[in-house]
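So the chains spell out like this:
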Amino acid sequence: MIKKGRETGALIDNDDDRLAAQSLLDYWVSVLLRSGHSIDNATLAEFDINLAPELNEADCPYLGLDAFKETDANLFYGRQRLAAQLIESLAVQPLLVVIGASGSGKSSVVRGGLIPKLKAGALPNSDQWHYFAVMVPGSNPLETLVNTLSPDPNLDRELMRQQVHQLETRTTNLPTLIRQGVGDRPTVLVIDQFEEIFTLCPDKVRDIFIENLVALVQASSSPKNYLILTMRSDFETQVAKLPQFWALFEASHARVLPLDAGELREAIEAPAEQVGLKFEAGVVDQLIADVLGEPAALPLLQFMLLRLWEHRDRNRVTYHAYRQLGGGRGALAHSADEFYTNLIPEDQETAKRILLKMVRPSTGLEVTNNRIRQQELHQLGIDPGRINRVLDKLCTARLVRRTPGVTPDDTQIEVAHEALIRNWPRLIEWLDDERVSLRQRLRLTDTAKEWEARNYPKAILLRGELLEEAQQYHDLNSLEKEFVKFSCRESQRRKIRDKAIFISSIIGILAMLSIGFAWSLNTYRLKEKLEVNEDKLRLANENMVVKNQELEARNSALEAQVHKTNEANNRLAETQQEAMDQGVSLTPDIQVDKGSAQASESAGFEALLAGNLSQAKDYFGQAYEAFPTYHNVDEIYNTVLTQSTVDRFNSADAADQKAMLRQIYQTILDNYAWGAPREVIDQMETRLSTTAE
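Residues numbered from 1 in each chain as written. Predicted model: local features only at pLDDT ≥ 70, side-chain atom pairs only at ≥ 80, totals over all residues. Heavy atoms only, no water.

Novice: Help me understand the overall build of the protein chain, please; the structure alone is not making it clear to me.
Specialist: The helix and strand tally for the protein chain stands at 28 helices and 12 strands. Here the protein chain holds 693 residues, and the buried ones make up 43% of them. At a minimum sequence separation of 6, the contacts of the protein chain that also span at least 24 residues come to 71%. Per element, the accessible surface of the protein chain, about 37200 Å² overall, is 52% carbon and sulfur. (Helix = DSSP H or I, 4+ residues; strand = E, 2+ residues; numbered from the N terminus. Buried < 20%, exposed > 50% of the residue type's maximum accessible area, 1.4 Å probe, protein only. Contact = heavy atoms within 4.5 Å. Areas by Shrake-Rupley, 256 points an atom, 1.4 Å probe, with all protein chains shown as cover.)

Novice: Mind showing me how you'd approach the packing of helix H7 (residues 174-182) against helix H9 (residues 203-218) here?
Specialist: Relative placement of two packed helices is described by the angle separating their axes and the distance separating the axes. Contact geometry of H7 with H9 gives a least axis separation of 8 Å together with a crossing angle of 70°. Relative to H9, H7 is oriented roughly perpendicular. Within the contact between the two elements, H7 uses Leu-174, Pro-175 and Ile-178 and H9 uses Asn-212, Ala-215 and Leu-216. Classifying every residue of the contact of H7 with H9 by side-chain character gives 5 nonpolar, 1 polar and no charged. (Axes fitted to C-alpha atoms, helices over the stretch in contact; angles between N-to-C directions. Parallel < 35°, antiparallel > 145°, perpendicular 65-115°, else oblique. Nonpolar A, V, L, I, M, F, W, Y, C, P; charged D, E, K, R; others polar.)

Novice: Got a minute to help me understand the sheet that holds strand E1 (residues 95-100) in this structure?
Specialist: Within a beta sheet, neighbouring strands are joined by backbone hydrogen bonds and run either parallel or antiparallel to one another. The 5 strands are arranged E2-E3-E4-E1-E5 in an open sheet whose pairing can be described as parallel. In this open sheet, the two edge strands, each paired with only one partner strand, are strand E2 (130-131) and strand E5 (253-255). Pairing analysis gives 5 bridges linking strand E3 (residues 187-191) to strand E4 (residues 225-232), with the strands arranged parallel. Considered in E4, the bridge of Val-188 is made with Tyr-226. Relative to the sheet, helix H3 (residues 80-90) contacts E1, E4 and E5, its axis offset from that of E1 by approximately 150°. (Pairing = 2+ DSSP bridges.)

Novice: Looking at this structure, how should I read the layout of surface pockets?
Specialist: Sizing a probe to match a water molecule and rolling it over the atoms shows the empty space that remains. The calculated volume of the second largest pocket comes to roughly 920 Å³. Looking at the second largest pocket, it is lined by 42 residues, and the ones nearest its centre are Ala-67, Asp-192, Gln-193, Arg-401 and Thr-403. Within the residue set of the lining of the second largest pocket, elements represented by two or more residues are helix H4 (106-119), helix H5 (141-149), E4, helix H14 (297-310) and strand E11 (400-403). (1 Å grid on protein atoms, 1.4 Å probe; cavity = no way out; pocket = protein on both sides within 12 Å on 5 of 7 lines; lining within 4 Å. Points joined across faces, edges and corners; volume = space filled by probe spheres on them.)

Novice: Would you mind showing me how to read the side chain of Thr-642 here?
Specialist: Tracing the sequence through the fold places Thr-642 in the loop between helix H25 (633-640) and helix H26 (643-651). At 2.7 Å, the side chain of Thr-642 forms a polar contact with the side chain of Thr-645. Setting aside residues no more than four positions away along its own chain, Thr-642 makes contact with Lys-617 and Tyr-637. (Polar contact = N/O pair within 3.5 Å; in protein donor to acceptor, adjacent residues only side chain to side chain.)

None of this, on its own, says anything about what the molecule does.
So, in C-alpha cells, the structure goes:
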C-alpha cells in the first residue's frame, strides 16, 4: 500500500493535493512502525508530466471570442447571478433588453445562460413555452421576422411577401400572426444585436419594425409573448429617438457589468474540471488579476483560456505557457504579432488596410471598434481574392470576428476585441499614423449617413476642399458614392449659378459705370453748355454795353442832326421872311421837294431790303436831288451806296452779296437809323440776328 501510495505522486501536481497525500502516507507509516514493521521510503514520487493523461482536442471547454450558444450551456459559468436577475425580470414583464459594452457577453448570457434555464423550467411552465430561433435584424428586419416566425423553414417567397405586407400595413397584427403559427402557448422571441436596426436598415423600415414589437409586448391577449433583446450600450441614445419604444426600454433594460473575481475564477476552473484540465499553481490567480475590471473580461478571458488550451502540456496549463502567450491582457497582441509576421508582405499590407477599416477614432486619442459589412472591404481597391484570403486568416487567428447575416450582404466583421485596438503596439502605431485621415474618412461616412437620415437635404452636401478630398477615396460604399455624386452635381450647379451671378454683377457694374459715365458726360456737357452760355451772356453783356455806347453816340448824332435841322429851319425861315419882305414866296416849292424826297427814300429802303443796290442808289439819288438835307439821304447816297460799292456788289456771288448786305444794314443801323422808318429798322435788325444765329 505504501509503495502504491508513493507512486501516485507522479500523477499529482497540485501542491495542496500532494501535501494531503503525503500526510496520509505518513500516517500509515507511523502505524506500521508501531506494529514493528520497518519502511525504507514513504515519500511521494516526483510529479511526472509524461504520465498525465492526454485530453481530446474536441473536449476544449473554452470558446475563445465566440458567443455561447444553448449547446454550450454546460460550459457557461460566471454569469449565474446575472442570469437569475434576468429570469426575475421576465417574471414581471414581457420585455427584456440586455445592454452592455461591445464584447461584454450580452449574447452569451442570453443564449448560454437565460434561454437554457427557461427551457429547464426556471419560470412556471417555461419548459412548455415555444421558443423561436434567435434572430438578427439585418437590413430587412420585417422579412427576417417573418422567416423566424414561420414553422416552415422553406417558406414560399410569395407568402412571405404577403405576410411582410401585413406587418407593414397593420402593425398590430404581429400577435395574431404568432398565434396562427404556434397556437395558444406563451412564446419567446430573442433578437440579438438589436443595434442593427440603426446601422443596417432604413429609417422607415425600422419605425414599422418597432411598431410591431411594441404591439407584441403590449398585447393584452393571453398567453404572453416574451421579447428579449440584446444591444450594445453605445446605441442607447439612438433608442431615445424612438418615443413609442423609449418608455418600454427604460422600464425593462438590464446592464451586463464586468465580472468580479469570484465569477472570473468560476468561469476559469468550472469548465476545466469537466474535462480534467489542470492549472499550474498561480496561473489562475495571475489570469484573474490581468482581466479583472475589463468591461469585456469574459471574451478576453475566453480568448486567453483557448490559447492556453492550445499550448497545454498534456492535461496541464503551465505558468511558462502563460508568460509565453503574453499574459491575460497581452495574449491578443501576442497572437496578432505572431500572425502578422508570418504573412507575406502584400498580405501584411492588406491586413493593415482591413484592420484600419474596422476602427473608429473618437475624441482625443480614444479609438473604438467599428463593425462594418464585409462587402465594404471590396471597395478598398484591392484584389477581392486577396481580401477574402487575408480576412479568412484574420478570422482563423481570432483577430477578427465575423457575424453571418440573414443574407450574405448583411454579414458583418469587426476587430475581435477592443483590447486589441488598445494593446497591440503595431496597430497603435498604424492608428497614430492614420488618425487624421481616418477621422476625415469616417467624417465622410457619418455625414453621408446623416444626409440619408435627414431625407437628403442639400445643406449637408459637401463642397470645396471636403468634396475634393472625398473624390480621392476609392473605398466608398454605395451610400457614400451617391452622397459624393449629389455633392458634385450640386457643386457644379452652384458654380453655374455663381458664374451667372458674377456675369450679372459685371453687367450691373458695367451698366452702373455706363450710367455714371453718361451722367458724367451729361454733367460735363451741361457744364460746357453753362460755360458757353456764360460766355454768351458775358458777350451779350459786352455787346449791350457796346450798343449802349452806340446808342449814346446815335443820340448824340441825332441831337446834332436835330440841332443842324433846327439851324436849317431857322435859316429857311429867315430866307422865307426875307423873301416875303421882298414879295417872293418859297414855301410851296420846298414842300414839294420834301415829299418827293420822302417817297424816294422809302423806295430806296425797300430796294435795299430787296437786295437791289442799283435801284436803291437811284432812289436815294432822287431823294438827294429833291431834298439834299432830308434825313440821311445824302450820307447814304454819297457814303454807303457809292458807285464802286454797287459795282462790286453786282459782280459778287450770292454769298458775298449777302455778306455785303449785312455790312450795309449794320452801317445804316449804326450811323443813319434816326431818320429811317421804324419798320425798316426792325427788318434790318431781324435779318442781322437771324444771320448771326
